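# Analysis of the macromolecular model
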Amino acid sequence: MTVYLSQEGFNLQQEKLKEMKGPIREDLSKKLGTAREHGDLSENSEYQEARESINNLDKDIAELEALLRTAKVYKKATDGTIGYGSIFTILDIEENEKMTYEVRGILEANGETIISNESPIGAAIWGKRKGEDAFVATANGKYQVKILDVK
């Protein structure tokens, strides 16, 4: 599965990786060293916890490195259709309620004002333009929205 990120999101993930490989790992290594000095390692829970924390961090680092190797940095849609980076306003026809969202990749979505293209609303409006209608499929059924604005 390809992960799409804004340039900002990609940069944030790179900074996160840098922190994980630098200060966070150094701190855990110091804790491991301190715990190692406390004697018998087979019965030293502090050592076991520090070792497990480093193993978990190393796993997270490997996963983030793999994600960044394969991630695609998207360019914002500029042709008036809804795509990555679009900010759009929709009207829920039944509820007569306006909502504004921004579409980003799934790692950057917050489920509130920033949604992914894989969310029900994101999938329904993807590629559509101002003035078009869409049907949003949810676990509770479908509802109709009208796209009022696309930026």
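Everything discussed here concerns the structure shown above.
Note that the structure is a prediction, hence the values are computed from the model and not measured.

Considering all chains together, one arrives at four aromatic pairs under this definition. A centroid spacing of 4.9 Å and a plane angle of 25 degrees characterise the contact between Tyr4 and Tyr84, whose relative ring orientation is stacked. With Tyr4 in strand E1 (residues 4–5) and Tyr84 in the loop between strand E2 (72–73) and strand E3 (87–92), the pair connects residues that are 80 residues apart, well separated along the chain. A ring pair is formed by Phe88 and Tyr101, whose centres lie 5.8 Å apart and whose planes are at 40 degrees; its orientation type is tilted. Highlighted residues: Phe88 in strand E3 and Tyr101 in strand E4 (residues 97–104), separated in sequence by 13 residues. Comparing Phe88 with Tyr101 shows no difference in burial state: the two are buried.

As for its placement among the helices and strands, Gln13 is situated in helix H1 (residues 7–36). Excluding its chain neighbours within four sequence positions, the residues that come into contact with Gln13 are Leu5, Leu64 and Leu68.

Pairing in this open sheet of five strands is mixed, and the strands run E5-E4-E3-E7-E6 from one edge to the other. Strands at the two margins of the open sheet, each flanked by one partner only, are strand E5 (114–116) and strand E6 (133–138). Strand-to-strand twist across the sheet, computed as the mean angle between neighbouring axes with direction ignored, equals 45 degrees. Sheet topology note: the E4/E5 ladder contains three bridges and is parallel. Counterpart to Val103 in the pairing with E5 is Ile115.

Conventions used here
Residues numbered from 1 in each chain as written. Predicted model: local features only at pLDDT ≥ 70, side-chain atom pairs only at ≥ 80, totals over all residues. Heavy atoms only, no water. Phe/Tyr/Trp six-rings, centres within 6.5 Å; stacked < 30°, edge-to-face > 60°. Helix = DSSP H or I, 4+ residues; strand = E, 2+ residues; numbered from the N terminus. Buried < 20%, exposed > 50% of the residue type's maximum accessible area, 1.4 Å probe, protein only. Contact = heavy atoms within 4.5 Å. Pairing = 2+ DSSP bridges. Axes fitted to C-alpha atoms, helices over the stretch in contact; angles between N-to-C directions.

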